[in-house]
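# Structure assessment
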Amino acid sequence: MQLSLVRRQSTLAQAQAQREILQGSQVPDAPHFDDALTQHKLPLLKAAGVQVLQINVGKLCNQTCTHCHVDAGPDRRESMSRETAEAIISALKRFDIPTLDITGGAPEMNPNFRWLVEQAHALDRRIIDRCNLTILVANGYRDLPQFLADHRVEVVASLPCYLEDNCDSQRGDGVFQRSVDALRILNTLGYGQADSGLQLTLVYNPVGPSLPPNQAELEVAYRRELKSRYDIVFNQLHTITNLPISRFLDDLLQSDQYETYMRKLVESFNPQTVSHVMCRTMLSVDWLGNLYDCDFNQMLELPVAAPSRRIENLDWDALAHRTIATGRHCFGCTAGNGSSCQGAVVS
Ligand code: SF4
Ligand code: SF4
């Protein structure tokens, strides 16, 4: 089934269609992820505590990138309510989770974004904003960079290339130039500058159906090119593999590259990455307050294996040692040097 045919159906139907494609017969000889673990004499994925609470506050975004695994865009209406945001802050008060990682969509467009940041800052938590950069120079949001700096929020910003054409082909016309404008503002506030304490991480993901290059080598090239071309500095670069989910899966299917890409992920399986995948230390919350192992499982509606799947009833003992729900998409996190929201997981 082509995903484009189910776009107008409910999110649940979309998730089910994606799961069927990932489990389906298009790559008949590809193993299930758990079988690959067994073949390499590795245990099934289990959580090892919760260090990061990653909250997806909704699908509203000012961009419509081709690789987006959230299927976000300006016409999406899914948005976390204040009630759910309060349940998240209540969970942070009750449990010792060091990091609040806020994603979307463009998370800053959620009306509760600033309230969440203020509350988490008051609780002295590390706060990450997964930012698309262009929102920082959009009308109505131009005071955001100062707000982020005032609350010591780490900015993790997408910039899939230091070349304008490559970036715009994935993220839309004019995105690169607006991203450069936003990075300059962040630099002026101290982001990315040594000793400022304001962390600026850039995120690279491949423009097409390939694995990311070596993270350390690419970081050197980014540093050199962004400094020489635009006088921009940053703290670190993360490389992320595109998982075959949502809009990127749709693109792979429409360009007849799904089978090739999935084979590449499976053949690049690296057993050394497995113990470092992010779901082992993360809990993901959707805009409605439901719990998942990661943002990808959230998009696929793969529920977390715990008696309660709601943020209001977070059961620490059950969640901290839960078995992770896996699927063939997990080969995206374990191919090559691995991939996570913290970039490559092995060097
Ligand atoms: S990839 Fe990020 S910036 Fe692009 S549409 Fe998706 S949520 Fe928005
Ligand atoms: S997609 Fe990655 S992070 Fe999510 S469950 Fe699979 S291995 Fe873990």
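Residues numbered from 1 in each chain as written. Chains lettered and ligands numbered in written order. Predicted model: local features only at pLDDT ≥ 70, side-chain atom pairs only at ≥ 80, totals over all residues. Heavy atoms only, no water.

Glancing now at the sheet that holds strand β4 (residues 154–158). As summarised here, the arrangement of the eight strands in space is β6-β5-β4-β3-β2-β1-β7-β8, forming an open sheet in which the pairing is mixed. Looking at strand neighbours, the two that pair on one side only are β6 (236–239) and β8 (291–292), the edges of this open sheet. Bridge count for strand β5 (residues 200–204) against β6 is four bridges, and the pairing is parallel. Looking at β6, one finds that valine 203 is bridged to histidine 238. With respect to the sheet, helix α4 (residues 82–94) is in contact with β1 (52–56), β2 (99–103) and β7 (282–285), its orientation differing from that of β1 by roughly 180 degrees. (Pairing = 2+ DSSP bridges. Helix = DSSP H or I, 4+ residues; strand = E, 2+ residues; numbered from the N terminus. Contact = heavy atoms within 4.5 Å. Axes fitted to C-alpha atoms, helices over the stretch in contact; angles between N-to-C directions.)

Around ligand 2 sit Leu243, Met278, Cys279, Cys294, Phe296, Asn297, Ile324, Ala325, His329, Cys330 and Cys333, and that is every residue in its neighbourhood. Broken down by class, the residue content of the shell around ligand 2 amounts to nine nonpolar, two polar and no charged. (Near = heavy atom within 4 Å. Nonpolar A, V, L, I, M, F, W, Y, C, P; charged D, E, K, R; others polar.)

Here we take up the UniProt feature "domain: Cytochrome c" (unreviewed entry) in the chain. Feature annotation in UniProt places "domain: Cytochrome c" (unreviewed entry) on residues 44–167, given in this structure's numbering. With 27% helix and 17% strand, residues 44–167 has its two end C-alpha atoms placed 37 Å apart. (UniProt positions renumbered as here; feature names shortened; annotations may be inferred.)

A word on the pattern of salt bridges. Throughout the structure, instances matching the rule amount to 13 salt bridges. For arginine 114, the salt bridge is made with aspartate 143, and the minimal N-O distance between the two is 3.0 Å. One end of the pair, arginine 114, is in helix α5 (residues 113–122); the other, aspartate 143, is in the loop between β3 (126–131) and α6 (144–150), with 29 residues separating them in the sequence. The class for arginine 114 is partly exposed, based on a relative accessible area of 25%. Residues joined by salt bridges that share partners form a network here, namely Asp71, Arg76, Glu78 and Arg247. (Salt bridge = Lys/Arg side-chain N within 4 Å of Asp/Glu carboxyl O. Buried < 20%, exposed > 50% of the residue type's maximum accessible area, 1.4 Å probe, protein only.)

Burial in helix α7 (residues 164–171) covers these residues: Cys167, Asp168, Gln170 and Arg171. All buried residues of α7 project into a common sector of 165 degrees when viewed along the axis, lining one side. Backbone geometry just after α7 places glycine 172 at a positive phi near 115 degrees. (Arc of directions from axis to C-beta.)

This next bit is on helix α10 (residues 246–254). Among the nine residues that make up α10, seven are buried, leaving the element largely enclosed by the rest of the structure. When α10 is considered as a whole, its buried residues turn out to be Ser246, Arg247, Phe248, Leu249, Asp250, Leu252 and Leu253. One or two residues past the end of α10 sits aspartate 256, with phi positive at roughly 60 degrees.

Burial of β5 is extensive: five of the five residues sit out of reach of the surface. Side chains of β5 alternate between two faces, with Leu200, Leu202 and Tyr204 and Thr201 and Val203 buried alike. By the bridge criterion, four bridges tie β4 to β5 in an arrangement that is parallel. The partner of serine 158 across the bridge, within β5, is valine 203. Taking the sense of rotation as the criterion, the β-α-β connection linking β5, helix α9 (residues 215–230) and β6 turns out right-handed. (Right-handed = clockwise from strand over helix to strand, strands pointing away.)

What follows deals with the side chain of serine 284. Assignment of secondary structure puts serine 284 in strand β7. With near-sequence residues (within four places) excluded, serine 284 lies in contact with Gln54, Asn290, Leu291, Tyr292, Asp293, Cys294, Asp295 and Gln298.

Leu53, Ile55, Leu202 and Tyr222 are the most contacted members of the largest nonpolar core, which has 65 residues in total. Beyond its immediate stretch of four places on either side in the chain, tyrosine 222 contacts Leu159, Pro160, Cys161, Tyr162, Leu202, Tyr204, Lys227, Phe234 and Leu237. (Core = buried A, V, L, I, M, F, W, Y, C linked by side-chain atoms within 4.5 Å.)

Let's shift gears to the packing of aromatic side chains. Given two aromatic rings, their pairing is described by the distance between the two centres and the angle made by the two planes. Counted under the stated rule, the structure contains eight aromatic pairs. Centre to centre, the rings of phenylalanine 33 and phenylalanine 331 are 5.3 Å apart; their planes meet at 80 degrees, and the pair counts as edge-to-face. With a gap of 298 residues between them, phenylalanine 33 in helix α3 (residues 33–39) and phenylalanine 331 in helix α14 (residues 331–334) connect regions that are remote in the sequence. Seen in terms of ring centroids, phenylalanine 176 and tyrosine 230 are 5.5 Å apart; in terms of plane orientation they differ by 65 degrees. Their pairing is edge-to-face. (Phe/Tyr/Trp six-rings, centres within 6.5 Å; stacked < 30°, edge-to-face > 60°.)

Among the secondary structure elements, alanine 335 is positioned in the segment after α14. Beyond its immediate sequence surroundings of up to four residues, alanine 335 is in contact with Leu211, Leu265, Ser268 and Phe269.

What follows covers the site of ligand 1. Around ligand 1 lies a shell formed by Cys61, Gln63, Thr64, Cys65, His67, Cys68, Ala72, Gly105, Asn132, Arg171 and Arg247. Here the shell around ligand 1 is built from residues that sort into four nonpolar, five polar and two charged.

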